[in-house]
Amino acid sequence: MSVHRRPAGDWEGVRLHIVTGKGGTGKTTLAAAWALALASDGRRVLLAECEGRQGIAKLFDAPPLPYAERKLAVAPGEGMVYGLAIDPEQALLEYLEMYYHLGRAGRVLQRVGAVDFAATIAPGLRDVLLTGKVYEATRRRFGEHRPARTAARISVDGKTPADGYVYDAVVLDAPPTGRIARFLNVNAAVADLARVGPINRQAESIMTLIRSPMTAVHLVTVLEEMPVQETVDGIAELQRHRIPVGAVVVNRVRPEVLPSDLLRTAARGRIDTACLQRGLTKLALPAGEEIAARLAEEMTDAARIGVRQRRLRTVLGETGRPMYQLPESDVDDIARLYVLAAELRAQGVA
Ligand SMILES: Nc1ncnc2c1ncn2[C@@H]1O[C@H](COP(=O)(O)OP(=O)(O)OP(=O)(O)O)[C@@H](O)[C@H]1O
Ligand SMILES: [Mg+2]
């Protein structure tokens, strides 16, 4: 398996890591493993989700996350991953409280707003609120006004980090590739609508962060036709919106069992069954003609998958993005996250 090894700390300047990819390819898994990898060696990382699915809690076998930052997992070397499920309605109330001191008005709003906020709100406004919260958490510093509703109580034993940031990094389990560019670009649209004033300033600040080298959007995929195509298209779309693309992560990679020359021969269906029979006999295995023919057929199927995976890996390589590969892992969910985090670290993520 060819692994693109990167020097340690390749993402050092990046504070906001956004994980996207086709549905079901491993966004939540990767976001969690990535957060654990970044949190190693005493760092503090916030792992946030924004789709109201409680995917993070399920993954860590924890009770549903409230709209509050909670300790979620200890990373190797005493690092800490905090978890947060961002809820658009709570984010709005928090925003009114923080910036307009509308605590009581917010509560009234909550009481009269008997309708289901999340279901009625326009998708664009929901994205404004979600990205706004991500922005706030990414930029929060010690000693600054912090949101009473959500901020974790983090003590630093009198030792404030040099840059003053509460979190060394924020990792967002983000919407899938099909919606990511629109999601991250929503504040550009807001800034266009409100050309002056506080809403414009807030929207401009969020876009500035998202387009800065402090942000990277990582795309997770598996080696299948559709997810790879979505990855390639997703990268192009993000680049069109001037949003910084980070790594491509190939998930669920299985080791190749056949060497290159044999792989090609097998994929063409040109396996010498007589030779196969001799090999089976040598190993004292059943070596009938029918068995050898069936085995050859299976080898051909496996080899075709192998050849396709190589081709897809080349397609991904042509995007020019740094690439990491994560193995298919059959241990249980939580153990898997630590295995994958160690793998990411070994490949140079942190
Ligand atoms: N490296 C891996 N090895 C084995 N199983 C994996 C691996 N990565 C992910 N999975 C499994 O694949 C499934 C999908 O993963 P995950 O939930 O992380 O994907 P997702 O992209 O977040 O999905 P959704 O689009 O539904 O949010 C899960 O059952 C997960 O346990
Ligand atoms: Mg998910």
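Residues numbered from 1 in each chain as written. Chains lettered and ligands numbered in written order. Predicted model: local features only at pLDDT ≥ 70, side-chain atom pairs only at ≥ 80, totals over all residues. Heavy atoms only, no water.

Caption draft 1: Main features of the pairing of strand β1 (residues 16-21). Burial analysis of β1 places six of its six residues in the buried class, the great majority of the element. Side chains Leu 16, Ile 18 and Thr 20 of β1 all project onto a buried face; the interleaved residues His 17, Val 19 and Gly 21 project onto the opposite face, where all are buried too. Note that β1 and strand β5 (residues 169-173) share four bridges and pair parallel. From the neighbouring strand, Ile 18 faces β5, where its bridge partner is Leu 172. In terms of strand pairing, β1 meets strand β6 (residues 215-221) through six bridges, oriented parallel. Residue pairing across strands places Ile 18 opposite Val 217, the latter belonging to β6. (Buried < 20%, exposed > 50% of the residue type's maximum accessible area, 1.4 Å probe, protein only. Helix = DSSP H or I, 4+ residues; strand = E, 2+ residues; numbered from the N terminus. Pairing = 2+ DSSP bridges.)

Caption draft 2: Inspection of the side chain of His 17 at higher detail. With respect to the element layout, His 17 can be found in strand β1. Looking at His 17, its side chain comes within polar contact range of the side chain of His 218, at 3.0 Å. Setting aside residues no more than four positions away along its own chain, His 17 makes contact with Trp 11, Trp 34, Leu 38, Ala 169, Val 170, Val 171, Leu 172, Ala 216 and His 218. (Polar contact = N/O pair within 3.5 Å; in protein donor to acceptor, adjacent residues only side chain to side chain. Contact = heavy atoms within 4.5 Å.)

Caption draft 3: Main features of the packing of aromatic side chains. Inspection of the entire model under this criterion finds three aromatic pairs. Between Trp 11 and Trp 34 the ring centres are 6.3 Å apart and the planes differ by 55°, which places this aromatic pair in the tilted class. A residue pair is termed long-range when its members are at least 10 positions apart, and Trp 11 in the segment before β1 and Trp 34 in helix α1 (residues 27-39) qualify at 23 residues. Residue Trp 11 is classed as buried on the basis of its relative accessible area of 10%. (Phe/Tyr/Trp six-rings, centres within 6.5 Å; stacked < 30°, edge-to-face > 60°.)

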